[in-house]
Amino acid sequence: MDVSVTVNGQPQRHDVEPRTLLVQFLRESCDLTGTKVGCDTSSCGACTVLVDGESVKSCTMLAAQADGSSITTIEGLAQGGLQHPVQQAFAEHHGLQCGYCTSGMVLAAVSFLDENPNPTEADVRLGLEGNLCRCTGYHNIVQAVLAAARSR
Amino acid sequence: MRKRSAKPPLALPCRPVKPAPFEYHAPATTADALAVLAEHGDEAKPLAGGQSLVPMLALRLTRFGHLVDLNRVPELAGIERHNGTVTVGTMTRQADLERSPDAAAVPLLGLATPLIGHFQIRNRGTVGGSIAHADPAGELPAVVLTLDAQLDIASASGTRTVSASEFFEGTWTTVVGDDELLTAVHFPVWADGAGFAVDEVARRLGDFALVGVVCGVELDGSSKVTRAAIGLLGMGGTPLRAAAAEQALVGTAPTDDELTEIGRLAVADLDPPADIHASTEYRSSVGAHVVKRALRTALERAGG
């Protein structure tokens, strides 16, 4: 079936099987491999993307369900050659080690900060409960999100 | 690691797929959705928010020949308050329920919903999907049972309404037939001043609860309980009501010791499941404590 979406502002139209998961569509059909597959069961958040502005785990959505929608992946956050403030904050505060969780973490943080522009540290920890990182122990990730909130 | 630049040319697109194949239906109306279900029976499965179903399909724990995606049926979503009832359409997102001023008339919805999964999951997950999925550790099924909600179930031949006490049959099993769809849930609004609490023990935030309690109390002028409802999750194959504990609570202004006893009474006749995370004994012991803790909170919120 044909699936037509806008990904990071660019139209994408691909013929895929109905059983194609959104994360597979993004990685394999759109060739946007910044979105990672982690647990495949909506537990880890590595595959988080924004669908019509709301964060979702793209392993639990069919590409067919996204037909007609607008998707933002990690590749689409930078504007005019400048990283998104959340990306900058992750870099400045060393909010990553291996990087596998990072794109999902950043997109979850972007979505979280849209809804909670002035979060406390506890708010950030609660807000990112759906994103697992096996390297950092979260401390620098939380500091990065707080710094991004302050910089907005 | 695969080198993307060295991809061999392929005559046919070769892309990874995880679920078994199915035919995808995206009806625009409830009637169209019911017609597909009527045609395909147990070969068809409604797809609501997909937060349980899609992982189960991807892991091939289940498979269906036909998926009926309800996400393009606008009439199935929405929250309305009528006299004494809040009606929630089956495709209402859990995130929308959290934010809804109308749903605030049923405080248990606002207390229970943030405990479902993570915010990304609640952005997609639906009220009806969670209830019809009927996970015994699910929060919304326990709220449905605790509040004696009424559930509308439609098929191509009409709509029936069933009580929460008749709805849940077992783990992941309800009275909704293969050709039927849960379309709306009616939650009763309790009196002003009623107190509610949801409390659960999970290994991590957002994980399924090992044990959970959903409760509500109403008090009279002398702080005696006039109405009590206690629901348990994770303690059996379905959400459960602690009827004996409810009866023991009504008419009292319970002391701390009496609440301990009511907690024990709530789990006394249960045989909760054992799994890798918690034994039967652990669930019973923790369950009694969580009932007490939740009731104390609900009583405080009710001004008791």
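Residues numbered from 1 in each chain as written. Chains lettered and ligands numbered in written order. Predicted model: local features only at pLDDT ≥ 70, side-chain atom pairs only at ≥ 80, totals over all residues. Heavy atoms only, no water.

Participant: I tried to follow the overall build of chain B on my own but got confused; where do I start?
Facilitator: What chain B contains, in helices and strands, is eleven helices and 14 strands. What you see for chain B is a C-alpha radius of gyration of 21 Å, in line with the 19 Å of a compact globule of 304 residues. Expressed as lengths along the three principal axes of its C-alpha atoms, the size of chain B is roughly 80 × 45 × 30 Å. Per-residue burial for chain B yields a buried fraction of 53% across its 304 residues. Across chain B, the fraction of contacts at a sequence separation of at least 24, relative to all contacts at a separation of at least 6, is 63%. Accessible area of chain B: about 13,500 Å², with a carbon and sulfur share of 51%. Taken together, the 27 basic and 36 acidic charged side chains of chain B have centroids lying 13 Å from each other. (Helix = DSSP H or I, 4+ residues; strand = E, 2+ residues; numbered from the N terminus. Rg over C-alpha atoms; globule rule 2.2 N^0.38 Å. Buried < 20%, exposed > 50% of the residue type's maximum accessible area, 1.4 Å probe, protein only. Contact = heavy atoms within 4.5 Å. Areas by Shrake-Rupley, 256 points an atom, 1.4 Å probe, with all protein chains shown as cover. Lys, Arg positive; Asp, Glu negative; His and termini not counted. Charge placed at Lys NZ, Arg CZ, Asp CG, Glu CD.)

Participant: Whenever I open this one, the interface of chain A and chain B confuses me. Can you help?
Facilitator: A common way to report how large an interface is uses the accessible area buried once the components associate. Facing the 41 residues of chain A at the interface are 37 residues of chain B. Across the chain A to chain B interface the summed buried area is about 3,200 Å²; carbon plus sulfur atoms make up 52%. At the junction of chain A and chain B, the tally comes to four salt bridges. Notably, a salt bridge pairs R122(B) with E129(A), separated by 4.0 Å at the nearest N-O pair. (Buried area = accessible area lost by both parts, 1.4 Å probe. Salt bridge = Lys/Arg side-chain N within 4 Å of Asp/Glu carboxyl O.)

Participant: Help me out: how do you make sense of the pairing of strand β13 (residues 225-233) of chain B in this one?
Facilitator: Sheet faces and side chains relate simply in a regular strand, where the side chains alternate between the two faces. Residue and element names in this part refer to chain B. Where burial is concerned, most of β13 is hidden: seven out of the nine residues are buried. The sheet contact formed by strand β12 (residues 211-219) and β13 spans eight bridges and is antiparallel. Paired with C215 across the bridge in β13 is I230. Taking the residues between adjacent antiparallel strands as the criterion, β12 and β13 are bridged by five residues, where S223 takes a positive phi near 65 degrees. For β13 and strand β14 (residues 240-241), the ladder comprises two bridges, and the chain directions are antiparallel. (Pairing = 2+ DSSP bridges.)

Participant: In this structure, what is going on with the domain arrangement of chain B? I would like to understand it.
Facilitator: All names here are of chain B. Each assigned domain of chain B is listed here: domain 1 (23-67), domain 2 (76-188) and domain 3 (196-303). Contact with domain 1, which involves 13 residues of that partner, is made by 18 residues of domain 2. The largest contributions to the domain 1 side of the interface with domain 2 come from L34, A48 and Q51, which together make up 39% of the buried area. Joining domain 1 to domain 2, the criterion identifies zero salt bridges. Remark: the boundary between domain 1 and domain 2 carries zero residue pairs in polar contact (both at pLDDT 80 or more). Counting residues per element, the side of domain 1 that touches domain 2 draws most heavily on helix α1 (residues 30-40), at five residues. Of the residues that constitute the side of domain 1 that touches domain 2, the class distribution is seven nonpolar, five polar and one charged. (Domains from an automatic or database assignment. Polar contact = N/O pair within 3.5 Å; in protein donor to acceptor, adjacent residues only side chain to side chain. Nonpolar A, V, L, I, M, F, W, Y, C, P; charged D, E, K, R; others polar.)

Participant: I tried to follow helix α2 (residues 85-92) of chain A on my own but got confused; where do I start?
Facilitator: All names here are of chain A. When we look at burial in α2, the residues that qualify are V86, Q87, A89 and F90. Buried residues along α2 cover an arc of 160 degrees about the axis, so they all sit on one side. Turned more than 90 degrees away from the buried face of α2 sit A91 and E92, all of them exposed. Along its buried surface, α2 packs onto α3 (102-115) and α5 (139-151). Just past α2, the residue H94 takes up positive phi, approximately 50 degrees. (Arc of directions from axis to C-beta.)

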